[in-house]
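Below are the chains, spelled out letter by letter.
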Amino acid sequence: MKLASVLFVIVVGAFYVDTANWKPFAPYGYTGISFFGHTLLGETGPGGAPLGVLAGAAIIFFAYIGFDSVSTHTEEARRPHRDVPIAIIASLIICTVLYIAVAAILTGMVRYDQIDINAPVADAFRQKGLAWSRRLIDVGAITGITSVLLVMMLSQPRVLLAMARDGLVPTSFFGAVHTKFRTPWKATILTGLFVATMAAFLPLRILAELTNIGTLLAFVIVCSAVLIMRRTHPNAERPFRAPFVPLVPILGIAFCLLLMFSLPAENWLRLFIWLLIGFVIYFSYGRRHSVMARIRAQENSAAVVPEAGS
């Protein structure tokens, strides 16, 4: 249903595109880079927020989140070494093509400064005399939002399950797998309650920006881990190898940081608060109960025994 709505917008909207609406093609420029609230490149909008293509990309980045969820379901795939890379790359390519097509059609139908930001696609079709299509577009939008939410809430409990297996969070709760459905049911319920609470009390814009900067930071850490693991564990088994290392991880780090600095400054404060909460959980529980801590304790005790015997 979601794809049908997207394809409807592309195919039908193409007949109403006026290329004059694409001039100027990037009215706010291609940049929009800020550093903790100080704009380095690009224009600024209300409240000093950066404007431009990069600033827009940073704001809308949450729309791409989901392809990384494929990796959290690796152990549920039959041929993960083959299927997971294909799924990640294919989903990225398909989504990128569809997003660009919709954006091109929308800005071609209606000039950028006349787009209703509250319901941009539906209002664009209304302005072209296609008010009857609004319901179809609304259904597609609701379906799309619902599917994204379900994907996110499907993946987060599995991340918590992996952390529980490593001893970083309580195993009895986050590591509980339902006897019948074989899913991390307790973590799933907790995730649903947390998401519902956040959605009830925080504006969508803040939630989107918080999701963006948190995910971008996670990608920076993953790219850094690829560089570190290639150097510290060069002989580790790798069913799938990231290509062109170190170029790809370095570019990933650079572009993710660029998008992070294109977000409004207050997002960094929220990120630091989230990190502080994470550090408290890690140093108060995870560090002492982790599998690695137990392994090190066993190694130390094994090293002490011979000395005591001698």
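Residues numbered from 1 in each chain as written. Predicted model: local features only at pLDDT ≥ 70, side-chain atom pairs only at ≥ 80, totals over all residues. Heavy atoms only, no water.

> Just checking my understanding: could you explain the overall build of the protein for this structure?
Tallying secondary structure elements over the protein gives 12 helices and 4 strands in all. On the principal axes, the C-alpha backbone points of the protein span a range of 90 × 50 × 40 Å. A burial count over the protein gives 27% of its 310 residues as buried. A separation of at least 24 residues holds for 64% of the contacts in the protein among residues at least 6 apart in sequence. (Helix = DSSP H or I, 4+ residues; strand = E, 2+ residues; numbered from the N terminus. Buried < 20%, exposed > 50% of the residue type's maximum accessible area, 1.4 Å probe, protein only. Contact = heavy atoms within 4.5 Å.)

> Where do I start with helix H6 (residues 134-165) in this structure?
Residues spaced three or four apart along an α-helix face the same direction, because each turn holds 3.6 residues. The terminal C-alpha atoms of H6, which comprises 32 residues, lie 47 Å apart, in line with the 46 Å expected from a rise of 1.5 Å per residue. By the burial criterion, the buried members of H6 are Ile137, Gly140, Gly144, Ser155, Pro157, Arg158, Leu160, Leu161 and Ala164. For H6, the elements touching its buried residues are helix H1 (2-13), helix H3 (69-72), helix H5 (120-127), helix H7 (171-174) and helix H8 (185-201). Downstream of H6 by one or two residues, Gly167 has phi in the positive range, about 80°. (Expected span 1.5 Å × (residues − 1).)

> I keep staring at the pattern of salt bridges and nothing clicks. Help me out?
A side chain with one charge can pair with a side chain of the opposite charge if their charged atoms come near. Counting across every chain of the model gives 7 salt bridges. Among the salt bridges present, the one from Arg82 reaches Asp83, with a minimum N-O distance of 2.9 Å. The class of Arg82 is partly exposed, set by a relative accessible area of 42%. Classification of Asp83 by relative accessible area gives partly exposed; the value is 23%. Ionic pairing is found between Asp123 and Arg126, a salt bridge with its closest N-O pair at 2.9 Å. With a gap of 3 residues between them, Asp123 and Arg126 both fall in helix H5, about one helical turn apart. The buried category is assigned to Asp123, whose relative accessible area is 10%. (Salt bridge = Lys/Arg side-chain N within 4 Å of Asp/Glu carboxyl O.)

> Could you clarify how one ought to interpret the side chain of Ser5 in this entry?
Relative to the helices and strands, Ser5 resides in helix H1. Once you skip the residues sitting within four places of it in the chain, Ser5 turns out to touch Leu136, Ile137 and Gly140.

> Mind showing me how you'd approach the environment of Leu271 here?
With respect to the helices, strands and loops of the structure, Leu271 is situated in helix H11 (residues 266-289). The class of Leu271 is buried, set by a relative accessible area of 5%. The spatial distance from the C-alpha of Leu271 to the C-alpha of Leu202 is 15 Å, given a sequence separation of 69 residues. When near neighbours in sequence (up to four residues on either side) are disregarded, Leu271 contacts Ile213, Gly214, Leu217 and Met260.

> Please clarify how the environment of Phe174 should be interpreted in this entry.
Within the secondary structure, Phe174 sits in helix H7. Residue classification places Phe174 among the buried residues on the basis of a relative accessible area of 15%. Along the primary structure Phe174 and Gly13 are separated by 161 residues, whereas in three dimensions their C-alpha atoms are 47 Å apart. Sequence-distant contacts of Phe174, defined by excluding residues within four places in its chain, comprise Leu160, Leu161, Ala164, Val169, Ala187 and Leu190.

> Quick question: what am I supposed to make of the environment of Thr74 here?
The topology assignment puts Thr74 in the loop between H3 and helix H4 (80-109). A relative accessible area of 29% means that Thr74 is categorised as partly exposed. Spatially, the C-alpha atom of Thr74 lies 6.7 Å from that of Val84, the residues being 10 residues apart in sequence. With sequence-adjacent residues up to four places away left out, Thr74 is seen in contact with Pro80 and Val84. A polar side-chain atom of Thr74 sits 2.6 Å from the main-chain carbonyl oxygen of Ser71. (Polar contact = N/O pair within 3.5 Å; in protein donor to acceptor, adjacent residues only side chain to side chain.)

> What exactly am I supposed to notice about the packing of aromatic side chains here?
The description of an aromatic ring pair rests on the distance of the ring centres and on the angle between the ring planes. Tallying each qualifying case throughout the model produces 10 aromatic pairs. Where Trp268 meets Phe272, the ring centres are 6.2 Å apart and the plane angle is 50°; that geometry is what we call tilted. On the criterion of helical spacing, the pair formed by Trp268 and Phe272 is a turn pair, its members being 4 residues apart in helix H11. A residue is classified by how much of its surface remains accessible, and Phe272, at 45% relative accessible area, is partly exposed. Aromatic side chains Phe279 and Phe283 sit 6.2 Å apart centroid to centroid with 45° between the ring planes, which places their arrangement in the tilted category. (Phe/Tyr/Trp six-rings, centres within 6.5 Å; stacked < 30°, edge-to-face > 60°.)

> I would appreciate a short explanation of the side chain of Arg270 in the present structure.
Structurally, Arg270 can be placed in helix H11. Of note is the side chain of Arg270, whose polar atom sits 3.1 Å from the side chain of Asn267. Contact partners of Arg270, with chain neighbours within four places excluded, come to Ile206, Glu209 and Leu210.

> Whenever I open this one, a nonpolar patch on the surface confuses me. Can you help?
Where nonpolar side chains cluster on the molecular surface, the patch consists of Phe194, Leu269, Ile273, Trp274, Ile277 and Ile281 and spans about 580 Å² of accessible area. In terms of residue count, the dominant contributor to the nonpolar patch is H11 (5 residues). Structurally, Trp274 can be placed in helix H11. (Patch = residues over 30% accessible without salt bridge, like charges linked within 9 Å, V, L, I, M, F, W, Y side chains within 5 Å. Areas by Shrake-Rupley, 256 points an atom, 1.4 Å probe, with all protein chains shown as cover.)

> Is there a simple way to think about the confidence of the model for the protein in this case?
Regions with low pLDDT carry predicted coordinates that are not meant to be interpreted in detail. For the protein, per-residue confidence averages 86 on the pLDDT scale, and 96% of positions sit at 70 or higher. Here strand S2 (residues 38-41) stands out as the element of the protein with the lowest mean pLDDT, 70, in contrast to H7, whose mean of 93 is the highest. (pLDDT = per-residue confidence, 0-100.)

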